[in-house]
Amino acid sequence: MLSVGRVSHVFVVLSTIEQVPMARHETVRTLASWAIGRETAFTASLIATELVTNVAEHAAAESPTATVTLAADARWLTVAVHDTHPRLPRALTTSRDDGGRGLRMVMLLTEEAGGQHTVEPTAGGGKHIVVHLPRR
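Residues numbered from 1 in each chain as written. Predicted model: local features only at pLDDT ≥ 70, side-chain atom pairs only at ≥ 80, totals over all residues. Heavy atoms only, no water.

Peer 1: Can you explain the environment of P121? Please cite residues and give values.
Peer 2: As for its placement among the helices and strands, P121 is situated in strand 4 (residues 116-121). Linking P121 and T84, residues 37 residues apart in sequence, is a C-alpha distance of 9.5 Å. Sequence-distant contacts of P121, defined by excluding residues within four places in its chain, comprise L88, G126 and K127. (Helix = DSSP H or I, 4+ residues; strand = E, 2+ residues; numbered from the N terminus. Contact = heavy atoms within 4.5 Å.)

The following block contains the structure:
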């Protein structure tokens, strides 16, 4: 368990479906090296996988890469994915909605873990999707 300070790891993936497993493996490897608990690490790796998948499926035309940031301190684990596509995603609100299932899944996983999520536009016209999960 992380006792003091804050650690972070940033990596960039191409916005292609073929890069999704690499993003998941890099997330799992990093969180294991930080001794993040299994349940929290599993949730975080699912979230990272889904967010990178969303970039590949919906933003690749205007964002050829995505930046994944992992950070942790004694209380929180943060998973953030940045892309340069200007459209902010919408989460699925009803079963009849078209699209938004991946972001809805991220929201539900985050809430179930007791965390928080935000979708933030960036000054450069892209967006960050940031998830904070409590360390357990």
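Peer 1: An account of the side chain of T78 is needed here, citing residue identities and associated values.
Peer 2: Relative to the helices and strands, T78 resides in strand 3 (residues 76-83). On the basis of relative accessibility, which here comes to 9%, the residue T78 falls in the buried class. Those residues within four positions of T78 in sequence are excluded, and the remaining contacts are R6, T69, L70, A71, V130, V131 and H132. (Buried < 20%, exposed > 50% of the residue type's maximum accessible area, 1.4 Å probe, protein only.)

Peer 1: Please set out the nonpolar core residue by residue, giving values where relevant.
Peer 2: In a soluble, globular protein the nonpolar side chains are often hidden away together inside. I47 and L77 are the most contacted members of the largest nonpolar core, which has 30 residues in total. Listed by contribution, the elements that provide at least two residues to this core are strand 1 (7-14), helix 1 (20-33), helix 2 (38-58), strand 2 (65-72), strand 3, helix 3 (101-112) and strand 5 (127-134). When residues no more than four places from it in sequence are discounted, the contact partners of L77 are L31, W34, I36, T40, A44, A71, A72, V131, H132, L133 and R135. (Core = buried A, V, L, I, M, F, W, Y, C linked by side-chain atoms within 4.5 Å.)

Peer 1: I'd love a proper account of helix 3, names of residues and values included.
Peer 2: Over its 12 residues, helix 3 extends 16 Å from the first C-alpha to the last, a length consistent with the 16 Å expected when each residue adds 1.5 Å. Buried residues belonging to helix 3 abut helix 2, strand 4 and strand 5. Backbone geometry just after helix 3 places G114 at a positive phi near 85 degrees. (Expected span 1.5 Å × (residues − 1).)

Peer 1: Can you tell me about the pattern of salt bridges, naming the residues and giving the values?
Peer 2: On inspection of all chains with the given rule, the structure shows 3 salt bridges. Where D73 meets R6, a salt bridge forms, and the shortest distance between an N and an O atom there is 3.7 Å. Here D73, found in the loop between strand 2 and strand 3, pairs with R6, found in the segment before strand 1; they are 67 residues apart in sequence, far enough to count as distant. Overall, D73 belongs to the partly exposed group, its relative accessible area being 23%. (Salt bridge = Lys/Arg side-chain N within 4 Å of Asp/Glu carboxyl O.)

Peer 1: With reference to specific residues and values, describe the sheet that holds strand 3.
Peer 2: Sheet architecture is open: 5 strands sit in the order 1-2-3-5-4, paired in antiparallel fashion. Whereas interior strands pair on both sides, the edge strands pair on one side only; in this sheet they are strand 1 and strand 4. Ignoring strand direction, the axes of neighbouring strands in this sheet form an average angle of 15 degrees. Relative to strand 3, strand 2 is paired through 6 bridges, and the arrangement is antiparallel. Its bridge partner lying in strand 3, T69 is registered against A80. Along the sheet, helix 2 makes contact with strand 1, strand 2, strand 3 and strand 5, crossing strand 3 at roughly 10 degrees. (Pairing = 2+ DSSP bridges. Axes fitted to C-alpha atoms, helices over the stretch in contact; angles between N-to-C directions.)

Peer 1: Give me the side chain of S63: which residues, what numbers.
Peer 2: With respect to the element layout, S63 can be found in the loop between helix 2 and strand 2. Of note is the side chain of S63, whose polar atom sits 2.9 Å from the backbone nitrogen of T84. If near-sequence neighbours (up to four positions away) are discounted, S63 is found in contact with S15, V55, D83, T84 and H85. (Polar contact = N/O pair within 3.5 Å; in protein donor to acceptor, adjacent residues only side chain to side chain.)

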